[in-house]
Amino acid sequence: MRTDNFQAPDYYNLDELLTEEHKIVRDAARKWVKREVSPIIEDAAQKAEFPKSIISGLAEIGAFGPYIPEEYGGAGLDQISYGLIMQEIERGDSGVRSTASVQSSLVMYPIYKYGTEEQRKKYLPKLASGEFMGCFGLTEPDHGSNPAGMTTNFKDKGDHYLLNGAKMWISNAPFADIAIVWAKDENGRIHGLIVERGMEGFTTPETHNKWSLRASATGELIFNNVKVPKENLMPNKSGLGAPLGCLDSARYGIAWGAIGAAMDCYDTALRYAKERIQFDKPIAGTQLQQKKLAEMITEITKAQLMAWRLGVLRNEGKATSAQISMAKRNNVEMAITIAREARQVLGGMGITGEYSIMRHMMNLESVITYEGTHDIHLLITGMDITGIPAFQ
Ligand SMILES: Cc1cc2nc3c(=O)[nH]c(=O)nc-3n(C[C@H](O)[C@H](O)[C@H](O)COP(=O)(O)OP(=O)(O)OC[C@H]3O[C@@H](n4cnc5c(N)ncnc54)[C@H](O)[C@@H]3O)c2cc1C
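As the structure is a computational prediction, the values presented were derived from the model and not from experiment.

Parameters and conventions
Residues numbered from 1 in each chain as written. Predicted model: local features only at pLDDT ≥ 70, side-chain atom pairs only at ≥ 80, totals over all residues. Heavy atoms only, no water. Domains from an automatic or database assignment. Contact = heavy atoms within 4.5 Å. Buried area = accessible area lost by both parts, 1.4 Å probe. Salt bridge = Lys/Arg side-chain N within 4 Å of Asp/Glu carboxyl O. Polar contact = N/O pair within 3.5 Å; in protein donor to acceptor, adjacent residues only side chain to side chain. Helix = DSSP H or I, 4+ residues; strand = E, 2+ residues; numbered from the N terminus. Nonpolar A, V, L, I, M, F, W, Y, C, P; charged D, E, K, R; others polar. Core = buried A, V, L, I, M, F, W, Y, C linked by side-chain atoms within 4.5 Å. Buried < 20%, exposed > 50% of the residue type's maximum accessible area, 1.4 Å probe, protein only. Phe/Tyr/Trp six-rings, centres within 6.5 Å; stacked < 30°, edge-to-face > 60°. Lys NZ or Arg CZ within 6 Å of the ring centre and 35° of its normal. Near = heavy atom within 4 Å. Areas by Shrake-Rupley, 256 points an atom, 1.4 Å probe, with all protein chains shown as cover.

Caption draft 1: Up close: the domain arrangement of the chain. Each assigned domain of the chain is listed here: domain 1 (14-129), domain 2 (134-234) and domain 3 (241-386). One C-alpha centre belongs to domain 1, the other to domain 3; they are set 20 Å apart. Contacts between domain 1 and domain 3 engage 30 residues on the former and 33 residues on the latter. Buried surface at the junction of domain 1 and domain 3, both sides included, amounts to about 2,500 Å², of which 61% is carbon and sulfur. The largest share of the area that domain 1 buries against domain 3 comes from L14, Q79 and Q87, three residues that together contribute 21% of it. At the boundary of domain 1 and domain 3, one finds three salt bridges. For the pair domain 1 and domain 3, the number of links is 16 residue pairs in polar contact (both at pLDDT 80 or more). Put simply, the parts of the chain that give the side of domain 1 that touches domain 3 at least two residues each are α1 (20-47), α3 (79-92) and α4 (94-114). Taken together, the residues that form the side of domain 1 that touches domain 3 break down as 14 nonpolar, eight polar and eight charged.

Caption draft 2: Looking closely at the environment of D248. Relative to the elements of secondary structure, D248 occurs in helix α6 (residues 241-275). The spacing of D248 and A322 is 74 residues in sequence and 9.1 Å in space, taken between C-alpha atoms. Here D248 is in contact with R314, S321 and I324, once residues within four sequence places are set aside.

Caption draft 3: Examining unusual backbone geometry more closely. One non-glycine residue, N172, lies in the positive phi region at around 75 degrees. Looking at where N172 falls in the secondary structure, it is placed in the loop between β3 (160-171) and β4 (178-184). Here D280, not a glycine, exhibits a phi torsion of approximately 70 degrees, which is positive. For D280, the position within the fold is in the loop between β9 (277-278) and β10 (281-282).

Caption draft 4: Highlighting the nonpolar core. I89, I111, F136 and W182 are the most contacted members of the largest nonpolar core, which totals 102 residues. When residues in this core are grouped by element, the largest group, 18 residues, is from α6. Non-local contacts of I89, meaning those with residues more than four positions away in its chain, are made with V33, L58, I61, A63, V96, R97 and A100. With 19 residues, the next largest nonpolar core counts F154, A176, M199 and V226 among its residues.

Caption draft 5: Spotlight on the packing of aromatic side chains. For the structure on display, the rule yields 12 aromatic pairs. Measuring from ring centre to ring centre gives 6.3 Å for Y67 and Y109, while their planes differ by 65 degrees; the resulting arrangement is edge-to-face. Separated by 42 residues along the polypeptide, Y67 in the loop between α2 (55-60) and α3 and Y109 in helix α4 bring together distant segments of the chain. With a relative accessible area of 14%, Y67 lands in the buried category. Every member of this aromatic cluster is reached through a ring pair, and the members are Y67, Y82, Y109, Y114, F136, W182 and Y252. In this arrangement the basic side chain of R314 is found over the ring face of Y252, its NZ or CZ atom lying 4.9 Å from the centre.

Caption draft 6: Main features of the site of the ligand. In the neighbourhood of the ligand, 18 residues make up the surrounding shell, with T139, S145, W169, T373 and F391 lying closest. T139 places a side-chain nitrogen or oxygen 2.7 Å from a nitrogen atom of the ligand. Take T373: an N or O atom from its side chain is 2.6 Å from an oxygen atom of the ligand. The protein chains hide 68% of the 990 Å² of surface that the ligand would expose on its own. Elements represented by at least two residues in the shell around the ligand include exactly β3 and α10 (374-386). When grouped by side-chain class, the residues that make up the shell around the ligand number nine nonpolar, seven polar and two charged.

If you want it as structure tokens, here you go:
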């Protein structure tokens, strides 16, 4: 079993910007990851299994609905605490963070924001405790970067809706108890429906053979004349802005999470470089390896400052979608670059499961693609600064 000797880098004393509560929440998550995730994650990833045994622990550290009010079972924390929890979990594994992100920002958030009081009371406490797990179905086989083109649809049949269509690449789908499904009504308007496992005609086949996010279960959602009760439609927001609002929250969490993966790669590479002797001295004493390590800590520090500032803006309700896009894009690119460089610092050992770097590197290939690809986030920034959309 791999020993987790992680020491978190904090080159600009960012801890001084955090409140006592932030540090307590962060440290609890950090300890939990070291104790519960690090010892089992390599095995789970090698077996391509989501480790369900950690669900209750994720709930205990507040990873399910960190910012959802306590009256609905959430942790009632602010946005920086939410970000720090995501950072710590992704320090362990991006797949585990994906499960927590989906549950919080893509399942609990829409029910809280767009759902009825009955829906909140029925689902949120169970989702916060991990008794229920959820998934979020937006992407379709023919509509990924352009979800507005979705064809999944529902028809009003008087006392229920009839849902047809298919979603793919859905995190948590194979074991989720409920799915937040985005589908068009007869007028082509997008709405969110809560679809429950067990509804006739609803199946969730698993997607196999992934080389990335292996410790996260991914699948399809297939709807074949599924009768959805009318009370399962979330009435308080419709149109593409509804799922995009959820994605803002999840992308913000990713901007922090990616820092965790990068910190783990940097910390591992730094320790290895100081211990590994070649040509009669530690490789850390060579200019080439110092360049890699110095650039890593510089980029991590810039990403930490960006995420913290974005958290302040979100706490004030002022962060724009474009600002969130920029942080998601920058920080994931930062993390994947660091993972690739850190892997080289470890030489041949870098490709083994003895160290976490290769797993982070492969995981980040999904993180750079989902929740808006690297290219699409660049186009969002481009549109924001020029006022001209360049998507088509
Ligand atoms: C492991 C994993 C988990 C996921 N989990 C979920 C989930 O839980 N729920 C969910 O709904 N989805 C999920 N996704 C789907 C993910 O959000 C999509 O894969 C992503 O949005 C990209 O869509 P696509 O794969 O269809 O790629 P495409 O949209 O086909 O894009 C292919 C390439 O073309 C580029 N491109 C597209 N449009 C343009 C353009 N206008 N200009 C320039 N370049 C362009 C893209 O940047 C990309 O490089 C997941 C994906 C993965 C891999």
